[in-house]
There are 2 protein chains.
Amino acid sequence: MNNTLQNRLSLKTQPSLEESATFLDNAVQENNCIIIIGCCSVKYEGRARSILQLGERVVFIKEDKALLIHRGRGYKPVNWQSSSSYISISLRGENLRIRSIRRQPREVIEITFTDIYTLLTFTLIDEGEFSLYVSERDIQRVLIKEPKLIEEGFTPLEFEKQIDPGFIDVYGIDSKGNLVVIEIKRAKARKEAVIQLSRYIRSIESTTERKVRGLLIADSITKSAHRMMKTLNLEFKSLDLNECADILKRFDDFQKKLQL
Amino acid sequence: MNNTLQNRLSLKTQPSLEESATFLDNAVQENNCIIIIGCCSVKYEGRARSILQLGERVVFIKEDKALLIHRGRGYKPVNWQSSSSYISISLRGENLRIRSIRRQPREVIEITFTDIYTLLTFTLIDEGEFSLYVSERDIQRVLIKEPKLIEEGFTPLEFEKQIDPGFIDVYGIDSKGNLVVIEIKRAKARKEAVIQLSRYIRSIESTTERKVRGLLIADSITKSAHRMMKTLNLEFKSLDLNECADILKRFDDFQKKLQL
DNA sequence: TGCTAAATCTCGAAC
DNA sequence: GTTCGAGGTTTAGCA
């Protein structure tokens with residue numbers, strides 16, 4: 001058997017709603033992906049409530065019963081349901097109704113189709129690995145590997161050090177023996193990052209007589225946050241994300257070699 | 001001319017990549033919606049970076065060039081680009097490449113197809129109104145209309161009162177003449193809501209000699225947030241969202257009647 | 001444009 | 001199961 005996607009895909013154009021109901025019910029039972037293009041209205045009730053009046057939309061149901069309702073514009077679905085919800089298909093008078101129910105929190109979506117133009121069901125074979133890099137966590141990894149990126153002579157003592165107000169990203173000593181509290185932000189740092197850092201410093205200062213420096217490492221910083229840092233006598237250091245990506249890549253390549 | 005969606009939709013099954021390129025290029029120029037089912041890999045570079053290895057996926061491009069790449073599971077797209085980005089289609093050796101570029105922040109997605117199984121392009125006619133209820137803003141509207149829901153004898157003075165740390169949701173006086181600072185959370189309130197409220201209270205207390213009460217109104221509250229409230233001597237009041245929805249509905253119906 | 005706070009936030013990890 | 005923090009958060013509103 002030739003297992004191309006073409007053989008795992010079926011298509012109906014202009015199906016009757018009766019035909020669609022049978023077809024959809026079957027596809028849902030078999031955990032297929034489903035794409036429906038048609039005219040529908042949508043009601044949602046759960047954490048909030050919404051009503052979407054009649055119009056043409058694309059409804060996408062996935063293998064795990066995740067459900068998306070998309071209009072012609074915008075990146076976000078107008079209505080949705082996350083996976084592990086229960087889906088039922090039924091005919092209601094002149095219409096076809098799809099109900100998706102999720103428990104915890106209880107949320108119900110009801111789609112009422114007056115017309116279905118195109119119906120696609122299929123399964124996707126997809127073992128491709130997805131890797132995202134240069135997250136805040138990745139920056140930490142880079143700084144663990146290359147503490148001199150923080151500053152020459154810096155010695156890290158702890159990462160994710162737990163204190164009362166939360167977790168200090170990096171905690172260590174500089175070349176002069178001062179304690180250093182470091183807060184990392186991957187993107188542009190704002191006031192709240194400065195507030196967070198100053199809270200950590202106050203907490204550390206209450207436990208020691210030594211001088212405590214506060215260092216915010218980020219891609220960049222907003223003006224008002226920078227002003228706040230100056231008045232609080234904190235330091236900002238920008239970090240080149242491309243450089244981090246390069247180091248990470250070299251590091252990961254090295255790790256892979258070790259595994260071979 | 002019969003303007004059903006069927007006449008605004010075209011479908012290709014098992015198109016060659018050359019054929020696909022022409023077809024897609026045209027669809028992109030004309031701001032059509034596009035759904036591609038096929039085998040592809042994806043590279044993303046922008047605020048972060050990611051690589052998605054080869055596998056079967058659904059790619060959805062909308063009228064406004066919003067782009068979604070979906071795998072067979074999960075509510076969220078594995079990669080995406082918001083609208084108003086630039087899209088280009090090209091053949092690269094044995095493959096078809098879709099590039100989506102966004103400025104500010106600069107982000108690039110590159111999809112490389114080795115196989116396209118199904119290609120759909122269409123336009124959606126969708127004038128249906130979307131209305132969402134019981135947002136935090138809606139709760140404020142309800143409390144403006146029915147201040148006794150806050151407590152008997154409460155008199156609101158200001159909504160969205162601006163002070164240094166931010167905006168106070170509701171500010172007023174209770175029946176005994178005490179000032180009351182109210183923070184509203186639509187869902188379950190967590191520690192951060194309590195911290196926010198206490199910041200507002202400290203700010204108000206610094207401007208007056210009068211007693212200042214702090215009241216958190218929310219659907220519910222986490223245990224640790226509740227403990228924090230007790231130690232800070234703040235008050236919590238739960239609010240029934242269904243009741244709010246009913247009041248809103250009655251209110252909106254009344255407004256509509258006035259407009260007639 | 002920058003900044004603040006909400007969101008049907010989602011997601012994952014720790015407790 | 002609950003809580004908490006981070007996110008390519010996204011998005012809306014306002015100075």
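Just so it is clear, the model here is predicted, and its values are computed rather than measured.

Facing 62 residues of chain B, the contacting portion of chain A comprises 62 residues. Together chain B and chain A conceal approximately 5300 Å² of surface at their shared face, both sides included; 57% is due to carbon and sulfur atoms. When the area that chain B buries against chain A is broken down by residue, the three leading residues are Arg49, Glu56 and Tyr75 of chain B, summing to 15%. Put simply, chain B and chain A have 8 salt bridges between them. Ionic pairing is found between aspartate 126 of chain B and arginine 71 of chain A, a salt bridge with its closest N-O pair at 2.8 Å. Where chain B packs against chain A, one counts 34 residue pairs in polar contact (both at pLDDT 80 or more). Per-element accounting of the side of chain B that touches chain A gives the leading share, 11 residues, to strand 3 (residues 49–61) of chain B. Here the side of chain B that touches chain A is built from residues that sort into 29 nonpolar, 17 polar and 16 charged. Sheet topology places strand 3 (residues 49–61) of chain A next to strand 9 (residues 130–133) of chain B; 4 bridges connect them, and they run antiparallel. Each residue of the ladder has a partner; that of arginine 49 of chain A, found in strand 9 of chain B, is tyrosine 133 of chain B.

Moving on, we come to the packing of aromatic side chains. Per the counting criterion, the structure on display carries 2 aromatic pairs over all chains. Taking the centre distance of 5.8 Å and the plane angle of 25° together, the rings of tyrosine 75 of chain A and tryptophan 80 of chain B count as stacked. Residue tyrosine 75 of chain A is found in the loop between strand 4 (67–70) and strand 5 (79–81), and its partner tryptophan 80 of chain B is found in strand 5 (residues 79–81); the two belong to separate chains.

With that out of the way, let us pick up the sheet that holds strand 11 (residues 166–173) of chain A. All names here are of chain A. If you trace the 5 strands from one edge of the open sheet to the other, you get 10-11-12-13-14, paired in mixed fashion. Each edge of the open sheet is held by one strand with a lone partner, namely strand 10 (155–163) and strand 14 (235–238). On average, each strand axis in the sheet is inclined to that of its neighbour by 30°, with strand direction left out of account. Both strand 11 and strand 12 (residues 179–189) contribute to a ladder of 4 bridges, which runs antiparallel. If you follow glycine 172 over to strand 12, its bridge partner there is valine 180. Against the sheet, helix 3 (residues 191–205) touches strand 10, strand 11, strand 12 and strand 13 (212–221), its axis set at about 170° to strand 12. Along the sheet, helix 4 (residues 223–231) makes contact with strand 12, strand 13 and strand 14, crossing strand 13 at roughly 165°.

Turning to the relation of the copies chain B and chain A, a few remarks are in order. Superposing chain B onto chain A takes a rotation of 180° combined with a translation of 0.0 Å along the rotation axis, leaving an RMSD of 0.5 Å. Taken together, the turn and the small shift mark the pair as related by a two-fold rotation axis. When the interface residues of chain B are mapped onto chain A, 100% of them again lie at the interface, so the same face is used by both copies.

Residue and element names in this part refer to chain B. In space, the 5 strands of this open sheet follow the order 10-11-12-13-14, with mixed pairing throughout. Each of the sheet's edge strands pairs with one partner strand only, and the pair in question is strand 10 (155–163) and strand 14 (235–238). Across the sheet, the mean angle separating the axes of adjacent strands is 30° when strand polarity is ignored. Here helix 3 (residues 191–205) sits on the sheet and contacts strand 10, strand 11 (166–173), strand 12 (179–189) and strand 13 (212–221); the angle it forms with strand 12, its principal contact strand, is near 170°.

Before going further, it helps to examine a positive patch on the surface. Residue and element names in this part refer to chain A. Among the surface-exposed residues, Lys188, Lys191, Lys223 and Arg227 lie close enough to one another that they form a single positively charged patch. On the secondary structure map, arginine 227 appears in helix 4. Its relative accessible area of 54% is what places arginine 227 among the exposed residues.

Attention now moves to the pairing of strand 4 (residues 67–70) of chain B. Residues and elements named next belong to chain B. Residue alternation in strand 4 divides its side chains into two sets, Leu67 and Ile69 and Leu68 and His70, and both sets are buried. The pairing of strand 3 with strand 4 spans 4 bridges and is classified as antiparallel. Considered in strand 4, the bridge of isoleucine 61 is made with leucine 67. In this antiparallel pair of consecutive strands, strand 3 and strand 4, the connection spans 5 residues, and lysine 65 shows a positive phi of 75°. Direction of pairing for strand 4 relative to strand 5: antiparallel, over a ladder of 3 bridges. Across the sheet, isoleucine 69 pairs through a bridge with asparagine 79, a residue of strand 5.

About the cut-offs
- Residues numbered from 1 in each chain as written.
- Chains lettered and ligands numbered in written order.
- Predicted model: local features only at pLDDT ≥ 70, side-chain atom pairs only at ≥ 80, totals over all residues.
- Heavy atoms only, no water.
- Contact = heavy atoms within 4.5 Å.
- Buried area = accessible area lost by both parts, 1.4 Å probe.
- Salt bridge = Lys/Arg side-chain N within 4 Å of Asp/Glu carboxyl O.
- Polar contact = N/O pair within 3.5 Å; in protein donor to acceptor, adjacent residues only side chain to side chain.
- Helix = DSSP H or I, 4+ residues; strand = E, 2+ residues; numbered from the N terminus.
- Nonpolar A, V, L, I, M, F, W, Y, C, P; charged D, E, K, R; others polar.
- Pairing = 2+ DSSP bridges.
- Phe/Tyr/Trp six-rings, centres within 6.5 Å; stacked < 30°, edge-to-face > 60°.
- Axes fitted to C-alpha atoms, helices over the stretch in contact; angles between N-to-C directions.
- Least-squares fit on C-alpha atoms with pLDDT ≥ 70 in both.
- Patch = residues over 30% accessible without salt bridge, like charges linked within 9 Å, V, L, I, M, F, W, Y side chains within 5 Å.
- Areas by Shrake-Rupley, 256 points an atom, 1.4 Å probe, with all protein chains shown as cover.
- Lys, Arg positive; Asp, Glu negative; His and termini not counted.
- Charge placed at Lys NZ, Arg CZ, Asp CG, Glu CD.
- Buried < 20%, exposed > 50% of the residue type's maximum accessible area, 1.4 Å probe, protein only.

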